[in-house]
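What the coordinates show
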Amino acid sequence: MLRFLRRCSTNVNEYIGVAPIGDDILKQDMDSASVSAQNHQDGVVTLVLTADNHLGYSGFGQHPRKREERLQLLRHAFQQASDFAIAQGVDFFIQAGDLFDTTNPDERDRSFVASRLAQLKQAGVRTFALGGVCDTPVPGISLPGEIPPAPQLSYARLGALHYFSPVLEDKTQQIEPVIVDVRGTQVGICGLGVLTGQEGDPLADVRVQLDIERAAIPILILHAPVEGVSAGSSLLDMRAQVARQSISDQSLFRFILAGYHHGHHRARIGSTDLIVAGATQYVDFSTPDQEPGFVFLGLAADGVRWCNHIRVDALSMQRVVFDADELWPGHGSIAPTEMILERLRPLCQPDGMIQLRLEGKISRSAYHQLDLNQIRHYGEEHCFALAIDDSALLLQSDQDVTSSGADERYSIREELRVLADEWITATPDEDKKQSLRYTKDAILSALDDIKSIL
């Protein structure tokens, strides 16, 4: 584990004048000062953008050693982002939601973040943080008067960061920008996000105080699903998505710096630059082709001067796909379970995560020939985490069925969703409908978490 944590990223040399990430990052005062001078050009604002750090996430098995390694990796990745910001002497350190994986993080994670924020402030780096889906208490789920404050508020009260609540209490309110002068350039920063159970495009009717108009560099920190960034399947992805048209139609924000999606993404939509930070560690299997990291940015009134995704030390991720035709009918004397294990054996590593995806059409009797528990147990013993995704399997009856209408998608999640929607539709009381929606979201979210760690 120690060897793994000391292994440093290599892609920081892809651009000139950036100090390396490593154990001695804070010792290179002269080099960092030189780099800082290069970065601090007139009219250019520099920042580190990070999001979805999910400190405290304890998924991927219940083994105490793996849980502890996981927690260390999450903290180490966040430290790499903050160390980089200090070494480069950036103007801002921006955290775009889900700093924590819970609304009630433990004392170790709270103290760790406090120490990192203190070092950022001591280095003259201003920090802005937006509440995320995971670390913002949700009104309506907790009893009135019992909603605890967001964990980031304690840091804000101490002056370590500026905290943006993800949503407005009243939709008629205006978002209040923070205006900062950076070497004569006015920068305006706002925050906006979504919460569990929310519906509607959060950007469609946003109202911002006119102070933002005097900013040469207007920035929106966003934590919400964005159309076209990824094919999310959660209810929040579908019901509270920011439409690309909403981004194109708005004229207030030249830059949208976003969290929520766990893969790094950059796009130009209308006259707006959208930059998604991506997660700093794998916390699910949604982005096997993306490496965790953070973003180093240079912004000016006329656009993005540079945008570099910096990799952090992370577990490896692989996706292995089996089509049903490979497994059934059987090839020779090799059983389907053994065929899968043969493919997995050379890929399993102690610091590796593997998603096994099964696709295609099979009969129910053929499906039951698979010993998925044996595969799971092998994964638990030989790699850090193994997830089995069988949602793309189409089950057929054991008779010779040729009609595609007889195919049945094997998805417990979909069956639960359909049943819950039927109950909600049949309920006349609006308060009960809302309670059922919250319950459905919580159950489906828990099911997604279970599928991601099995």
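Residues numbered from 1 in each chain as written. Predicted model: local features only at pLDDT ≥ 70, side-chain atom pairs only at ≥ 80, totals over all residues. Heavy atoms only, no water.

With respect to the side chain of H54
Tracing the sequence through the fold places H54 in the loop between β1 (45-50) and α3 (64-88). For H54, a relative accessible area of 4% translates into the label buried. H54 has contacts with L74, D98, L99, F100, D101, C134, H262 and V283, leaving out every residue within four places of it along the chain. (Helix = DSSP H or I, 4+ residues; strand = E, 2+ residues; numbered from the N terminus. Buried < 20%, exposed > 50% of the residue type's maximum accessible area, 1.4 Å probe, protein only. Contact = heavy atoms within 4.5 Å.)

As for the sheet that holds strand β10 (residues 272-276)
Two strands in a sheet stick together by hydrogen bonds in their backbones, pointing the same way (parallel) or opposite ways (antiparallel). Ordered by their spatial adjacency, six strands build an open sheet running β5-β6-β7-β8-β10-β9, and the pairing between neighbours is mixed. Each edge of the open sheet is held by one strand with a lone partner, namely β5 (178-182) and β9 (265-269). Each adjacent strand pair in this sheet contributes to an overall mean axis angle of 20°, direction not counted. Relative to strand β7 (residues 217-223), strand β6 (residues 185-193) is paired through seven bridges, and the arrangement is parallel. Bridge assignment links G191 to a residue of β7, and that residue is I221. (Pairing = 2+ DSSP bridges. Axes fitted to C-alpha atoms, helices over the stretch in contact; angles between N-to-C directions.)

Describing the nonpolar core
Grouped together as the largest cluster of nonpolar side chains are 33 residues, with contacts concentrated most on V48, L55, F93 and V113. Breaking this core down by element, the ones donating at least two residues are α3, α4 (107-122), β11 (293-300) and β12 (303-311). Broken down by element, this core gets its largest block of residues, seven residues, from α3. (Core = buried A, V, L, I, M, F, W, Y, C linked by side-chain atoms within 4.5 Å.)

Structural notes on α4
The periodicity of an α-helix, 3.6 residues per turn, causes residues three or four positions apart to be oriented the same way. Spanning 16 residues, α4 covers 22 Å between terminal C-alpha atoms, matching the ideal 22 Å at 1.5 Å per step. Burial in α4 covers these residues: D109, F112, V113, R116, L117 and L120. Buried residues of α4, viewed axially, fall in a sector of 130°; they line one side. Every exposed residue of α4 that faces more than 90 degrees away from the buried side is listed here: E107 and Q122. Contact partners of the buried residues in α4: α3, β2 (92-95), β3 (126-130) and α5 (153-157). Capping of α4 at its N-terminal end is provided by D106; its side-chain oxygen lies 3.2 Å from the backbone amide nitrogen of R108. Once α4 ends, the next one or two residues include G124, with phi positive near 85°. (Expected span 1.5 Å × (residues − 1). Arc of directions from axis to C-beta. Polar contact = N/O pair within 3.5 Å; in protein donor to acceptor, adjacent residues only side chain to side chain.)

Some details on the confidence of the model for the protein chain
Of all residues in the protein chain, 76% attain a pLDDT of 70 or more, and the chain-wide mean is 82. Considering only residues more than four positions removed or in separate chains, one finds that residues 1-34, a stretch of pLDDT under 50, has 64 contacts. Between residues 400-409, whose pLDDT stays under 50, and residues either more than four places distant or in other chains, the model counts 16 contacts. (pLDDT = per-residue confidence, 0-100.)

Let's talk about unusual backbone geometry
Look at R183: it is not a glycine, yet its phi comes out positive at around 50°. Relative to the assigned elements, R183 resides in the loop between β5 and β6. Residue Y260 is not a glycine yet carries a positive backbone phi of 90°. Examined against the element boundaries, Y260 turns out to sit in the loop between β8 (255-259) and β9. With a relative accessible area of 15%, Y260 lands in the buried category.

Comments concerning the pairing of β1
With six of its six residues buried, β1 lies for the most part within the structure. Taking every second residue as pointing to the same face, both faces of β1 are buried, with V45, L47 and L49 on one and T46, V48 and T50 on the other. Pairing between β1 and β11: five bridges, direction antiparallel. Within β11, the residue paired with V48 across the bridge is F296. Judged from the four bridges that link them, β1 and β2 form a sheet pairing that is parallel. Within the sheet, the bridge partner assigned to L49 lies in β2 and is I94.

Remarks on the environment of T136
Its location among the elements puts T136 in the loop between β3 and α5. When its relative accessible area of 8% is taken as the criterion, T136 is described as buried. Taking the C-alpha atoms as reference points, T136 and D101, 35 residues apart in sequence, are found 9.6 Å from one another. In this structure, T136 is in contact with T103, G131, Y163, P166 and L195, ignoring residues within four places of it in sequence.

With respect to the packing of aromatic side chains
Here a ring pair, both rings aromatic, is described through the centre-centre distance and the interplanar angle of the planes. Within this structure, the stated rule accounts for seven aromatic pairs. Relative to F93, the ring of F78 has its centre 5.7 Å away and its plane inclined at 85°; by these criteria the two rings are edge-to-face. Of this pair, F78 sits in helix α3 while F93 sits in strand β2, and the two are 15 residues apart along the sequence. By relative accessible area, which is 1% here, F78 ends up buried. Under the relative-accessibility criterion, F93 is labelled buried at 1%. Three or more aromatic residues joined by ring pairs make a cluster, and in this case those are F84, F294, F296 and W306. Here the guanidinium or amino end of K66 rests over the ring plane of F384, the centre of that ring lying 5.9 Å away. Taking the ring centre of F322 as reference, the NZ or CZ of R343 above it sits at 4.2 Å. (Phe/Tyr/Trp six-rings, centres within 6.5 Å; stacked < 30°, edge-to-face > 60°. Lys NZ or Arg CZ within 6 Å of the ring centre and 35° of its normal.)

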